Structure formats: structure tokens, C-alpha cells
Amino acid sequence: MTQCPPITVLLASPRGFCAGVDRAIQIVERAITKYGAPVYVRHEIVHNRHVVDRLKALGAVFVEELDDCPTDRPVVFSAHGVPKSVPAEAKGRKMLYLDATCPLVSKVHVEAERHHDAGREIVLIGHAGHPEVVGTMGQLPDGAVVLIETLDDVAAYQPQDPANVAFVTQTTLSVDDTAGIVAALRARFPAIAQPHKEDICYATTNRQEAVKTIAGRAEVLLVLGSANSSNSVRLAEVGLRSGARAYLIDDAQGLDFGWLDGTRVVGVTAGASAPEVLVQGVIDRLSERFEVTVEEIDAARETVTFKLPKVLARADDG
Ligand code: 0CH
Ligand code: SF4
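Residues numbered from 1 in each chain as written. Chains lettered and ligands numbered in written order. Predicted model: local features only at pLDDT ≥ 70, side-chain atom pairs only at ≥ 80, totals over all residues. Heavy atoms only, no water.

Caption draft 1: Looking closely at helix α1 (residues 19-35). When the terminal C-alpha atoms of α1 are compared, their 24 Å separation across 17 residues agrees well with the 24 Å that a helix rising 1.5 Å per residue should span. Here α1 has its buried residues at A19, G20, V21, R23, A24, I25, I27, V28, R30, A31 and I32. Phi turns positive, to about 80 degrees, at G36, one or two residues after α1. (Helix = DSSP H or I, 4+ residues; strand = E, 2+ residues; numbered from the N terminus. Expected span 1.5 Å × (residues − 1). Buried < 20%, exposed > 50% of the residue type's maximum accessible area, 1.4 Å probe, protein only.)

In C-alpha cells:
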């Protein structure tokens, strides 16, 4: 019998579910328990195919717009947040809705409103078309928020009053790219108002930091996550920039053993919306071809949790 070659798996920590994703998924599960199926969900509750498929099997129905929901069933808004028009429309149609927007996204919504009330012109650093960007821009009237994606956008931005500008950001951006854009904004608008504490959330920051910690040693980085998951795509980017060959895969089936030819050290992580069971699946698949040694590398400790909406809370909740 031929012996399997050895491979070391560096497991990034933290990885996988953040507090906002955990809360959003629980909201859908508990809504199904409380109200029965079907429960409608406006947009993928989080950007992960496995999470969505599991919830579908439990009785969730995913739609893109409120118009696609009947008015006599509950609807959940996804973790990425929604424009103000969405809950307003749900109220108008007398629908029961549950808002699974992450509290850290809601915090950005409040910041944007505060700047607007103070008469500032607002820049949102983010990715065009992403639902979180649509949601944040949709907190304010059309034209009140200008989207900036690149350094070129910063150079082209012409506010009416350069002394009265503020910025907010999407929560799941590249920490390094955003620092560059913020520096360019500050250079052009020294008085720009900025978040008290970073809008890029703790989970995004820690997961990128954890990849940096392992990517120096890993020749290949496997990121569990779906292609539409902004924070997961960012993790693969960070790995690539740190010198690893990085691949974003939905699950163990997405792993191509050809990527690992001659590889002795492989890093593994998971985006904030990717279930931990998928990480174990990859380790199991690696074990079919390699003698695997797993080393978990801790870059940060996370203790954040978020309360569920009162209507779904149970007596045994902490
Ligand atoms: O990373 P994105 O924002 O695309 O979303 P996800 O993969 O569903 O992860 C959860 C983040 C939700 C909002 O911050
Ligand atoms: Fe909230 Fe951050 Fe998770 Fe998004 S990635 S759901 S902002 S904790």
C-alpha cells in the first residue's frame, strides 16, 4: 500500500459564522417554528448556498422583492439590511416582518442619518450593487449618499462643500484597500467626518487578520464561502496578496487536488456566512489523499453576541 504524503492544515481562527450571521439564521429558524412554513425571506438571508438550501428545506422561501411575498405570511429581511422603503412598504401592506439586519449594519445606517441631519454630504465606501450598499444608500433620499469604490472615484468626487463631508463604509470591505481610500479622502478633505469606530466590523477585520497570520506559511489557501459573499471574496484576496495561491470554494467538492500538487502546508478558513461543518468536510476530503496534521492558529478571540428580536425570544435565552 502506498503511503499518503503528509500535509499540514493551518486552520485560521477566527473563521466562519459571525454574531450577525448566527442571529440572522436563528431569526429564520425561529420564525418557521413560531409561525409555521412557509416563511418568506427577502434576499438570501446570508450569502451562502448551504445555509440557504438548509433553510429552504425547513420551509423558508427566498424572494428578491417584497412584491413576491403574499401578505398573509411573515417575511424576514436579510442580514445585509434594506432601504427604508422596504419596511415602509411592508407596513403599508400590513405584513408581519422580522428584520435580520445585523446590528452593526444598522449602526452604519444610523451614522449616515446622523451626518445627513447635520447637513453633511455623505460618501459611502463600498461595492456597487451589493445589497448592503443598496440598503445603506436607501436610508436617505436619492442623491444624499455618493458611492465610492476606488481611488479614482475619490479623485473624481466633487462635493458642493468640501469642508462639510462625512464618510461611512460597507462592513465587509478589505481593511487594507479601505485604509487607502480613507487616506485619499482625508488628503483631499482634511475635515471629513469619520466613524467613531470603524464601520468595517470586528468579524471582517479578525478574519482578514487571521488569514494574514497563516498565509505567510501556507502555499495554498482554501476559503469556504460562496462567490456572492463579499467578505469571503475578500479573504481569498488577502490570501493571494500575502503570497498564497487562494481558492474560494463552496464546499469540499469544490476542491481540486491538482491545486495541491507538491504542497506541504495549506491554509483553511471560512467566510462569515460559511458553516463550520464545511471546514470539517474539507479536512475529511484532504484526509482521503494526505496524512493530515491540523494546526489551529488563533489571531483573535471573539465574544460578540446579538440579541434576537423580542417577538422571537424564548424563556431559555440568556
Ligand atoms: O459578505 P457579504 O456582505 O456579501 O455577506 P455574507 O456573506 O452574507 O456575510 C454576512 C455579512 C452580512 C452583512 O454584513
Ligand atoms: Fe454583522 Fe459583521 Fe457579520 Fe456583517 S460580517 S453580519 S456586519 S458581524
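Caption draft 2: A look at the packing of helix α8 (residues 202-215) against helix α9 (residues 230-241). Two numbers describe how α8 lies on α9: the axes approach to 9 Å, and their chain directions differ by 30 degrees. It follows that α8 is roughly parallel to α9 by the angle criterion. You can see that α8 and α9 cross each other, and the crossing is right-handed. Contacts from R207, Q208, V211, K212 and A215 in α8 reach R234, L235, V238 and G239 in α9. Broken down by class, the residue content of the contact of α8 with α9 amounts to four nonpolar, two polar and three charged. (Axes fitted to C-alpha atoms, helices over the stretch in contact; angles between N-to-C directions. Parallel < 35°, antiparallel > 145°, perpendicular 65-115°, else oblique. Left-handed = near helix turned anticlockwise from the far one by under 90°. Contact = heavy atoms within 4.5 Å. Nonpolar A, V, L, I, M, F, W, Y, C, P; charged D, E, K, R; others polar.)

Caption draft 3: Molecular detail of the site of ligand 1. Lining the immediate surroundings of ligand 1 are 15 residues, of which H47, S229, S230, N231 and S273 lie closest. Between an oxygen atom of ligand 1 and a main-chain N or O atom of H47, the distance comes to 2.6 Å. Within the side chain of T171, a nitrogen or oxygen atom sits 3.1 Å from an oxygen atom of ligand 1. Surface burial for ligand 1 is 96%, taken as the share of its 370 Å² of free accessible area covered by protein chains. (Near = heavy atom within 4 Å. Polar contact = N/O pair within 3.5 Å; in protein donor to acceptor, adjacent residues only side chain to side chain. Areas by Shrake-Rupley, 256 points an atom, 1.4 Å probe, with all protein chains shown as cover.)

Caption draft 4: Just the site of ligand 2, in detail. All residues adjacent to ligand 2 are C18, G20, V21, C102, L104, T171, C201 and Y202. Along the lines of polarity and charge, the residues of the shell around ligand 2 split into six nonpolar, two polar and no charged.

Caption draft 5: Representation of helix α7 (residues 175-188). In a regular helix each residue adds 1.5 Å, so 14 residues correspond to 20 Å; α7 covers 20 Å between its end C-alpha atoms and thus fits that length. Looking only at α7, the buried set comprises T178, I181, V182 and L185. Within α7, the buried residues cover an arc of 100 degrees as seen down the axis, which keeps them to one side. In the core, the buried residues of α7 are packed alongside β6 (121-125), β7 (145-148), α6 (151-156) and β8 (165-169). (Arc of directions from axis to C-beta.)

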